[in-house]
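Residue-level listing of the chains:
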Amino acid sequence: MLRVGSKAACMACRNLVSTNMGVRFRVPLQKLHPLSRAIHHRYSGNSNPQRAPHRTAARYFTSMSRLPMRPPKPPPGSGGRSYQQQRGFWVARLAARLLKLRYILLGSAVGGGYTAKKTYDEWKDMLPDFSEYNWVIPDFVWELSEQIDLDKLAKALPEMEEIAKLLPDLDKIGENFTFLKSLLSSETSGDPPLKATDSSTAATQDASDKQYKKSSDKEKIDQLQEDLLRTQLKYQRMLERLEKENKELRKVVLQKDDKGIHQRKVKKSLIDLYSEVLDILSDYDSNYNTQDHLPRVVVVGDQSAGKTSVLEMIAQARIFPRGSGEMMTRSPVKVTLSEGPHHVAMFKDSGREFDLTKEEDLAALRHEIELRMRKSVREGQTVSTETISLSVKGPGIQRMVLVDLPGVISTVTAGMASDTKETIFSISKAYMQNPNAIILCIQDGSVDAERSIVTDLVSQMDPQGKRTIFVLTKVDLAEKNLASPSRIQQIVEGKLFPMKALGYFAVVTGKGSSGESIDSIKDYEEDFFQNSRLLRDGMLKAHQVTTKNLSLAVSDCFWKMVRESVEQQADVFKASRFNLETEWKNNYPRLRELDRNELYEKAKNEILDEVISLSQVTPQHWESILQKKLWERVSTHVIENIYLPAAQTMDSGTFNTTVDIKLKQWTDKQLPHKALEVAWETLQEEFARFMAEYKGKDQDDIFDKLKEAVKDESIKRHKWNERAMDSLRVIQHNALEDRSITDKPQWDAAIQFMEETLQSRLKDTESVIRDMVGPDWKQRWWNWKNRTPEQHIRNETKNELERLLKLHDDHTAYLANDEVTTVRKNLEGRGVEVDPVLIKDTWHQLYRRHFLQNALSHCNLCKRGFYYYQRHFVDSELECNDVVLFWRIQRMLVITANTLRQQLTNTEVRRLEKNVKEVLDDFGEDMERKSHLITGRQVQLAEDLKKVREIQEKLEAFIEALHKEK
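No experiment lies behind these values; they were computed from the predicted model shown.

Basis of the calculations
- Residues numbered from 1 in each chain as written.
- Predicted model: local features only at pLDDT ≥ 70, side-chain atom pairs only at ≥ 80, totals over all residues.
- Heavy atoms only, no water.
- Helix = DSSP H or I, 4+ residues; strand = E, 2+ residues; numbered from the N terminus.
- Buried < 20%, exposed > 50% of the residue type's maximum accessible area, 1.4 Å probe, protein only.
- Contact = heavy atoms within 4.5 Å.
- Areas by Shrake-Rupley, 256 points an atom, 1.4 Å probe, with all protein chains shown as cover.
- Salt bridge = Lys/Arg side-chain N within 4 Å of Asp/Glu carboxyl O.
- Phe/Tyr/Trp six-rings, centres within 6.5 Å; stacked < 30°, edge-to-face > 60°.
- Lys NZ or Arg CZ within 6 Å of the ring centre and 35° of its normal.
- Disulfide = S-S within 2.5 Å.
- Pairing = 2+ DSSP bridges.

So what exactly am I meant to see when it comes to the overall build of the protein chain here?
In terms of helices and strands, the protein chain carries 35 helices and nine strands. Across the 966 residues that make up the protein chain, the buried fraction comes to 39%. A fraction of 80% describes how many contacts in the protein chain between residues 6 or more apart in sequence connect residues 24 or more apart. Carbon and sulfur atoms make up 52% of the accessible area of the protein chain, which totals about 57100 Å².

Got a minute to help me understand the pattern of salt bridges in this structure?
Side chains that carry opposite charge are capable of pairing whenever their charged atoms lie near each other. Going through the model one piece at a time under the given rule, you end up with 44 salt bridges. Of the charged contacts, one joins Glu685 and Lys629 as a salt bridge, the two residues approaching to 3.2 Å between their closest N and O atoms. Separated by 56 residues along the polypeptide, Glu685 in helix 24 (residues 671-695) and Lys629 in helix 22 (residues 619-647) bring together distant segments of the chain. Ionic pairing is found between Arg689 and Glu686, a salt bridge with its closest N-O pair at 2.6 Å. Placement of both Arg689 and Glu686 in helix 24 is noted, with a separation of three residues, approximately one turn of the helix. Classification of Arg689 as partly exposed rests on a relative accessible area of 31%. Taking the relative accessible area as the measure of exposure, Glu686 reaches 6% and is therefore buried. Within this structure, Arg577, Glu581, Glu593 and Arg949 form a network of salt bridges that share partners.

How do you make sense of the environment of Met461 when you look at a structure like this?
Topologically, Met461 is positioned in helix 15 (residues 454-461). Expressed as a C-alpha distance, the spacing of Met461 and Lys429, which sit 32 residues apart in the sequence, is 7.4 Å. Apart from the residues lying within four places of it in its own chain, the contact partners of Met461 are Lys429, Met432, Gln433 and Arg467.

Honestly, the environment of Trp559 in this entry has me stumped. Any pointers?
Relative to the assigned elements, Trp559 resides in helix 20 (residues 547-587). As for Trp559 and Ile271, which are separated by 288 residues in sequence, their C-alpha atoms are 9.9 Å apart. Sequence-distant contacts of Trp559, defined by excluding residues within four places in its chain, comprise Leu270, Ile271, Arg399, Phe958 and Leu962.

Is there a simple way to explain the packing of aromatic side chains in this structure?
For any pair of aromatic rings, geometry is given as the distance between the ring centres together with the angle between the planes. Taken as a whole and assessed by the stated rule, the structure comprises 14 aromatic pairs. With a centroid separation of 5.0 Å and 45° between ring planes, the pair formed by Tyr274 and Phe958 is classed as tilted. Taken together, the positions of Tyr274 in helix 11 (residues 270-282) and Phe958 in helix 35 (residues 937-965) put the pair 684 residues apart, joining distant regions of the chain. Accessibility expressed as a relative area gives 0% for Tyr274, which makes it buried. You can call Phe958 buried: its relative accessible area is 0%. Among the aromatic side chains, those forming a connected cluster through ring pairs are Trp631, Tyr643, Phe753, Phe851 and Phe886. The ring of Phe347 is capped by Arg372, whose NZ or CZ atom sits 4.0 Å from the centre of that ring. Above the plane of the ring of Tyr600 lies Lys930, whose end atom (NZ or CZ) is 5.3 Å from the centre.

Hey, could you run me through the state of the cysteines in this one?
By definition, a disulfide links the sulfur atoms of two cysteine residues through a covalent bond. Throughout the structure, instances matching the rule amount to one disulfide. Free of any disulfide, Cys859 has its nearest cysteine sulfur in Cys862, 6.7 Å distant.

I keep staring at the sheet that holds strand 6 (residues 400-404) and nothing clicks. Help me out?
Think of a sheet as strands paired side by side through backbone hydrogen bonds, with each pair either parallel or antiparallel. Taking strand neighbours across the sheet as the criterion, the nine strands line up as 4-3-5-2-6-1-7-8-9 in an open arrangement whose pairing is mixed. The strands lining the two open edges of the sheet, one partner per strand, are strand 4 (354-355) and strand 9 (503-506).

What exactly am I supposed to notice about the pairing of strand 5 (residues 388-394) here?
Along any regular strand the residues' side chains alternate between the sheet's two faces. Within strand 5, five of the seven residues are buried, which leaves it mostly tucked inside the rest of the structure. Direction of pairing for strand 2 (residues 333-339) relative to strand 5: parallel, over a ladder of seven bridges. Along strand 5, the bridge assignment pairs Lys334 with Ser389. In this structure, strand 3 (residues 344-347) lies alongside strand 5, joined through four bridges in antiparallel fashion. When the sheet's bridge partners are listed, Phe347 is paired in strand 5 with Leu390.

This is the structure in structure tokens:
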């Protein structure tokens, strides 16, 4: 349109200009309207581009140029009337054009307004109704205006006039810079040579004026530097005041919890998501070379160089234990810094919040960190590789993750482990070899630079200095002690140490007193740098000083590194996840991916089911097992110590008396203990039996070690109720005191019990005798076995003693000395040398067999003796007191088994179940024990899959939140 309009304007100019006007003059192009100049240059027909011809009519009467201030004079020789007619004509034409232009503008305005209104209505109809989505915005946002007086806050802000007063005089600064630039240029180019015609007096006066001018210029330069420094300090104070007000405002907003803000599910912050990823990675044992290359700020330095103090200044709290020259940092401490309404600290594995504004909480936090450090150090070691995870939140804290490492030492002192130096080096290298880790190298400025150890270590790990930030601490002491302050300048410029770094900072972390607060340290640091000649003389730049600038720089570098590397790390874990899932599908296609904790819960439920199954055992089964096992435990004592000694007596009265005495002694001392032991063993065996039955079903072998450990630990913890022993003793004593057999079935049961017991003992005795004398002639013939010389002697002794028993069937249990001598001489007569002790031993077994055979014969006779028993064996040659003894023993066994069964089912099974639950709970909290008891490739593969998935999901959530923040 510009082009068309320009052509029209040029044609109008040509038509309006009359050739017979006789007015030909040229107006310079610079005096024309800019648009007219553009049009004239483009569409003029003149071949000379340097000076284009222009007609006066085009300038005066085109609609795109300004009207002349006054009309031109009439040409000489023309009449006045002709000029007036011509003038009236031009006025009429001009008025017509102006009216036409007005109507065009008015029509355009009306049409444009209507079109804009119509377009606005269409867009408004297309927009959705956002009133339906008011629920998405929290209530406290709508109520924010009610809770916060915005007018009051606006009044509290400084006025524009006050801020303008704090701003520097830019005009004055510009004049000073201009003057300084001219001065430097004049000094560079040199003054012009003086005229030779000047007199010597004038030359001397000029030289003095020049010297005075130079001195005044130097004063102006110094004054300018002081003004710049003062201006920077004013800006710094203003920024600090505004930041403080911003903190208070954010605190007011975040502390509005009376409306239920904290009752909602609060979304985790970006740095908290990232810290969770690092915590999971610290516990992840990689089997696929998936290394942790996520960024974190690694704080390294020589011992007592001020690492902890710098970290405390960044965290804005004295949170670490302190010591004068003593090693205090004994293990890595990961500190996650984030912004929050309250200044608090919390451990990863604890729910307690430490209020960092209270001195008692600070002392408790320092004590807890020291305890955790000492607990993590193994016996015989000085430092530990176990990481302590701590989070610190507060207003205005820069978000980042820092790891404070033990200080590097040059000499191992007394009380330290011999490998302490190498361990610290290995820990530091392990953290610094991460290619994305930011190394915060702390150097003590108060000691000679040549004594530094950490700078060589850092230069080895990061030779190009692409991820290293150098911090010079204790600059106040360095300025006081160093004779040459330029040495500090060389350090912060990277010219003294062989290492390279991204940036260099100089900080002051206090006067060396452990009781200083963070605010007092900040004030001292600000006063020092304000008055320090290091900053005044330009040796240090303003952005290189104070821990505040350091924390801002470290935070920016940290997040830059995170954004550059986090997606690459997510891809690495994605590939690792694919490899693990492929291995699982190939090796365990029909099994669910249960990690160690899930497998433990499964095993726990199975064990508890097995314990509960004990309550389903029938009473008959309990009593049968208890009775059988108790008799196996006490039968030897009953036969050898009660029955056989009493049976050697000559009459029934002595027999009963001996039996009663021995039973009473047995009941008081041994029987209750034996019974409880039998009951406890029976409970264990039944418990193990149910476990074995469950194992026969669909069970994994990976639970065997766990179940065995749970069973052993539960048995070890289980204590039988001691009060049950006293009541059991009374019950057993009363059962053994009863001699009244009420009916014939009981009598027959006692005889059967006696027969079974005596036959079992007889078999055992005959087996012992066979072992003593060796194989008989049949076995020697069929099996080609021979007797040993000792067996031959015992066989000859047995034959001689059997002849003695045939002669004296009612012989006593012991041989007399003359009988032993007779037997020995008889054997010597047959050429057998025998020892008297061997004779007595052989006699004991032979007499025992002889006695048991007679007892069995007597037992058969007593089967019809119940009638005589009811008459108390009056007028009867048959006495069956031994049957009564076995009935008493049998009845005691039945009553004891019943009592133990009741105690088992009513008390002990429940107590065992409780013990098993406690053991399982204890094992569940002990990760090391679970790792030892539940093992195998299946378990490890499931563990790795779970960890890798969790890491990948958290990394993806963090990356999504990171992109949203961008």
